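Coordinates in review
Given next are the chains, with one letter for each unit.
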Amino acid sequence: MPVRKQVGKKAAWAGKVGVNLSPVALVLGVGGEEDITIIISNPQKKKISFADIRFSFDKNILEMKSFAINMSVFSGGETDKLGNDTGSGQIVVYNTTQNLTDSEMITVGVLKIKAKSAGASNLAIIKDQSQVVIENPGSDDLEVMVASSQDGRYVVGGEISPGKVVVKLDPPTAGKGVNQEFDVELKVESGSFKIGFMQLVLNFDSDKLQIVKFIPNPGVFSADGFSDEDQILAAAGGVAKLFALNLGDNLAAGNFTAGKIKLKGTAAGTASLDIGVNQDSYFAGLEATEPKMFYIEAGQNGSYTFTTSRTVPVLNFKIKFQGIDTKRADQKVAVIVKKAAGITKTYTDIPVSADSSGVYLGSVVLADFTAGDKVNVFIKGPKHLAKKFCQNNQTGRCGEDSAGIALSAGENNLDFSKLVLEAGDLPNPNEDNQQDGVVNSVDFSLIESRVGKVDSASLSVADLNLDGIVNWGDAGLLLNTLGTKYEDEY
Amino acid sequence: MEKIEPKTGFIVEVSKPWLVSLLCLLVIFGTVAVTGIMDLPAGPGGDTAKKADQNQPLIQPRAVFSFSPAEIILEKAGSASFDLNLSFEKEVFLDGVDIVLIFDSQMVEIIEVVPSEIFSFSVFRKDDLQKGRISVTFLEERGGGIGLSGNNELMTVKLKAKKAGESVIEILEAEKGVTTVITENGTSRKIDFKGESLKVK
């Protein structure tokens, strides 16, 4: 096998490269052909001189028609061992010149596949049999471990389903400060369709909005091998393409959250974020028995308003939930801001995240208030009574006639974590998951009937200390609240 | 107080006239779906009613709060006490009860509240007395709840008069917020109840 230099097997480099396929999922008709690009991810930008890539596939479903070497990067290779008789193939490429490529993503070449018969086949990179060699200036080249791979899954016999998958952005609107990151969830309504792959195009105002990251829901998609960059292709220029893939057998159906998109406002104004409904946006059911593609219907686009922090007060607050003293899952709270003898505004679904000591941080743009306004702030947790805050670093309850906090233009950093938000006002499934503003025997009963349960529905109702189980510790927190203040402070 | 007495011998006591009409409507509705129909006497509205499915939700309160005695006459500077009772026609399993009584704090002063020990826990909130509220929560820690039937004495309240005149102590029934609640074991649902009031002279 021609190698540019002797490979120093014993001096193998400790760095890592990956081998990825693009696209990672396709639905083809029988007889259809598609091009799969094989890419080496080379995060440390080493000069690649040689690659031997082994792969496996279901030879009854797919045929490897040909492999075209990327001759702009490699000078030659071997493409005649594609494994159509065994289901195990090999591609070899090398560069015997001194002009080696060292980019982060190196295209090895294009593998043309053909659909032979109905069914689903993975195209899996066999990492421990594959080999990549890098230049080692002044010495022999070094072998590099193929540490990661993004396998592909290709379904034959797929058809466009007459049904559509509805996609919604949640929340659809929000007011945020410029440069403030926030999350929008991608809600999917697929009916009975089982979803294994998502390719979603988003169109957005790139002059005001930046898509920072897409985080697939790990309970729905196994996004192994996707880097952040892979998940957001061409996120500049107002078009982003999100991918998520489930290579397992447990495919999601019905209503589920596909993931969350981290957004950031880059300039003042209102930016739209629209679900793309063109041919590039689709979901695929990757089941072998019923491979189908489902086009996307935009159920709810987004519109987000950003304000510069120089003029509008932004409330950055710290709070503490009763019974939580360590980092726990993100929560959402309602923030009610009351101006003395003036307006009252309620900001709902404000995300808060915990630090290592269980202090939760959140931020809300007070677009309805101006610098100099004196306000009292009421914060209500998802299973908690609302508490009134009237000063920074507050340690006791506010009086009914408290003057309130004087807002400054821009950032107002307020620490309300010296007082806990009392737990016990639970979302009641019997009443549309509404909280009723009081801790009483109904809340106790909601805990008592779920003691020992760990399912997400039970936890969302009655796991007050967010430790992943409903137990008497949660009931104890409620009893503590019952004995003190047991109704919302409004 | 009006009584409707079906042929089954099942007696429904209705304290509010509008409930009679509602009962009749529900009974008529029941004839559409129910077999084994038997005739009932005509209701107050003159409609011919039919026996409803016994599995349909009861429309009369399943629980009744009552005061004992039903009326208190206080002498000047004198004190008295009353019991608050909760009764059920059939055995009901409960996870808890929240009692909220409202009174005129200008007229009477609550001296003492003694919750019964029927339930595992009870919480009396003394601070609420300033707001004219007697609030006590009873909770049952046993997994299956506590089974109650018949008459149950929930608490004893001792009070004295502040001024001459009449006032009333009532069970607070509100849709949301601080209110009286009876919570069923297992379902966490609120059980309907009827609350009487206590005259204090």
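Residues numbered from 1 in each chain as written. Chains lettered and ligands numbered in written order. Predicted model: local features only at pLDDT ≥ 70, side-chain atom pairs only at ≥ 80, totals over all residues.

**Section: the overall build of chain A**
Applied cut-off: A run of H or I in DSSP becomes a helix once it reaches four residues, and a run of E becomes a strand once it reaches two; helices and strands are each numbered from the N terminus. In this description, any two residues whose backbone-derived C-beta atoms lie within 7 Å of each other are considered to be in contact.
When you go through chain A residue by residue, the secondary structure sums to four helices and 31 strands. Sequence-distant contacts in chain A: of pairs separated by 6 or more residues, those separated by 24 or more amount to 76%.

**Here's the deal with the overall build of chain B**
Let me state the cut-off plainly: Residues with at least 20 neighbouring C-beta atoms inside 10 Å of their own are called buried, those with 12 or fewer are called exposed, and the rest are partly exposed, where every C-beta is derived from the backbone.
Within chain B, the regular secondary structure consists of one helix and 13 strands. In sequence order, chain B lays out its α and β elements as β-β-α-β-β-β-β-β-β-β-β-β-β-β. Each of the 201 residues in chain B was classed as buried or not, and the buried ones make up 26%. Taking as baseline every contact in chain B between residues at least 6 positions apart, the subset at least 24 positions apart corresponds to 65%.

**Here's the deal with the interface of chain A and chain B**
It is common to report an interface's size as the accessible area lost on association of the parts. Applicable threshold: Throughout, the ten residues Ala, Val, Leu, Ile, Met, Phe, Trp, Tyr, Cys and Pro are labelled nonpolar, Asp, Glu, Lys and Arg are labelled charged, and all others, Gly among them, are labelled polar.
Across the contact, 16 residues belong to chain A and 17 residues belong to chain B. Put simply, the parts of the chain that give the side of chain A that touches chain B at least two residues each are helix H2 (441-448) and helix H4 (472-482) of chain A. Top element by residues in the side of chain A that touches chain B is H2(A). It accounts for six residues. Residues belonging to the side of chain A that touches chain B are distributed by class as follows: six nonpolar, seven polar and three charged.

**Details of H4(A)**
Cut-off, in case you're wondering: What the arc measures is the spread of directions leading from the helix axis to the C-beta atoms.
Every buried residue of H4(A) is listed here: A:Asp474, A:Ala475, A:Leu477, A:Leu478, A:Thr481 and A:Leu482. Down the axis of H4(A), the smallest arc covering the buried residues is 155°, so these residues share one side. Lining the buried residues of H4(A) we find H2 and helix H3 (456-462) of chain A together with strand E7 (121-125) and strand E8 (133-139) of chain B.

**Some details on the confidence of the model for chain A**
All names here are of chain A. So the rule is basically this: Each residue carries a pLDDT score, the predictor's confidence in it, ranging from 0 to 100.
Across chain A, the average pLDDT comes to 85, with 90% of residues at 70 or higher. In the predicted structure, residues 1-11 sits below a pLDDT of 50 and forms 26 contacts with residues beyond four places in sequence or in another chain. Across residues 224-228, confidence stays below pLDDT 50; counting only partners more than four residues off in sequence or on other chains, it has nine contacts.

**Brief notes about the nonpolar core**
Residue and element names in this part refer to chain A. Counted only if it meets this: Think of a nonpolar core as buried Ala, Val, Leu, Ile, Met, Phe, Trp, Tyr and Cys residues, each tied to the set through C-beta atoms within 7 Å. Annotation comment: domain bounds sourced from an automatic or database domain assignment.
Counting 85 residues, the largest nonpolar core has Val 132, Met 198, Leu 202 and Phe 283 as the members making the most contacts within it. Each of two domains, domain 1 (7-156) and domain 2 (159-307), supplies a minimum of three residues to this core. Leaving out residues up to four positions away in the same chain, Val 132 has contacts with Val 17, Ile 40, Ile 48, Ala 51, Val 144 and Val 146.

**Notes on the confidence of the model for chain B**
For chain B, mean pLDDT is 74; residues scoring 70 or higher make up 70% of the total. Both scores are given for the predicted complex: the pTM is 0.53, the ipTM 0.71.

**With respect to unusual backbone geometry**
Omega for the bond connecting A:Asp170 with A:Pro171 falls within 30 degrees of zero, at 5°, which places this linkage in the cis form. Looking at the element boundaries, A:Pro171 is found in the loop between strand E13 (159-170) and strand E14 (173-177). The omega angle of the peptide bond from B:Ser68 to B:Pro69 is 0°, so this bond is cis rather than trans. Counting through the fold element by element, B:Pro69 comes out in the loop between strand E3 (63-68) and strand E4 (71-72). In this model, B:Ser188 sits at a positive phi of 60°, which is unusual for a non-glycine residue. Tracing the sequence through the fold places B:Ser188 in the loop between strand E11 (181-184) and strand E12 (193-195).

**With respect to H2(A)**
The element H2(A) is largely enclosed, with a buried count of eight among its eight residues. The set of residues buried in H2(A) consists of A:Ser441, A:Val442, A:Asp443, A:Phe444, A:Ser445, A:Leu446, A:Ile447 and A:Glu448. Its buried side turned inward, H2(A) meets H3 and H4 of chain A together with strand E5 (79-102), E8 and E11 of chain B.

**Considering the packing of H2(A) against H4(A)**
Residues and elements named next belong to chain A. Note the threshold: Every angle, taken between N-to-C directions, lies between 0 and 180 degrees, and every axis is a line fitted to C-alpha atoms, over only the stretch in contact when it is a helix. By the definition adopted for this analysis, an angle is roughly parallel if under 35 degrees, roughly antiparallel if over 145, roughly perpendicular if from 65 to 115, and oblique otherwise.
Closest axis-to-axis distance for the H2/H4 pair is 9 Å, and the angle between their directions is 170°. Judged by the inter-axis angle, H2 sits roughly antiparallel to H4. Side by side, H2 and H4 meet where Asp 443, Phe 444, Ile 447 and Glu 448 of the first sit next to Asp 474, Ala 475 and Leu 478 of the second. Split by residue class, the contact of H2 with H4 holds four nonpolar, no polar and three charged.

**A word on the environment of A:Val24**
Residues and elements named next belong to chain A. Within the secondary structure, Val 24 sits in the loop between strand E1 (7-22) and strand E2 (25-28). In sequence terms Val 24 and Thr 37 are 13 residues apart; their C-alpha atoms lie 9.5 Å from each other. For Val 24, the residues in contact, after removing those within four places along its chain, are Gln 150, Gly 152, Arg 153, Phe 243 and Leu 245.

**Here we look at the environment of A:Asn316**
Residues and elements named next belong to chain A. By the element assignment, Asn 316 lies in strand E24 (residues 314-321). For the pair Asn 316 and Gly 362, spaced 46 residues apart in the sequence, the C-alpha separation amounts to 5.8 Å. When residues no more than four places from it in sequence are discounted, the contact partners of Asn 316 are Ser 363, Glu 411, Asn 412 and Asn 413.

**Describing the environment of B:Lys176**
For B:Lys176, the position within the fold is in the loop between strand E10 (167-171) and E11. A residue is classified by how many C-beta atoms lie within 10 Å of it, and B:Lys176, with 11 of them, is exposed. Those residues within four positions of B:Lys176 in sequence are excluded, and the remaining contacts are A:Asp436 and A:Gly437.

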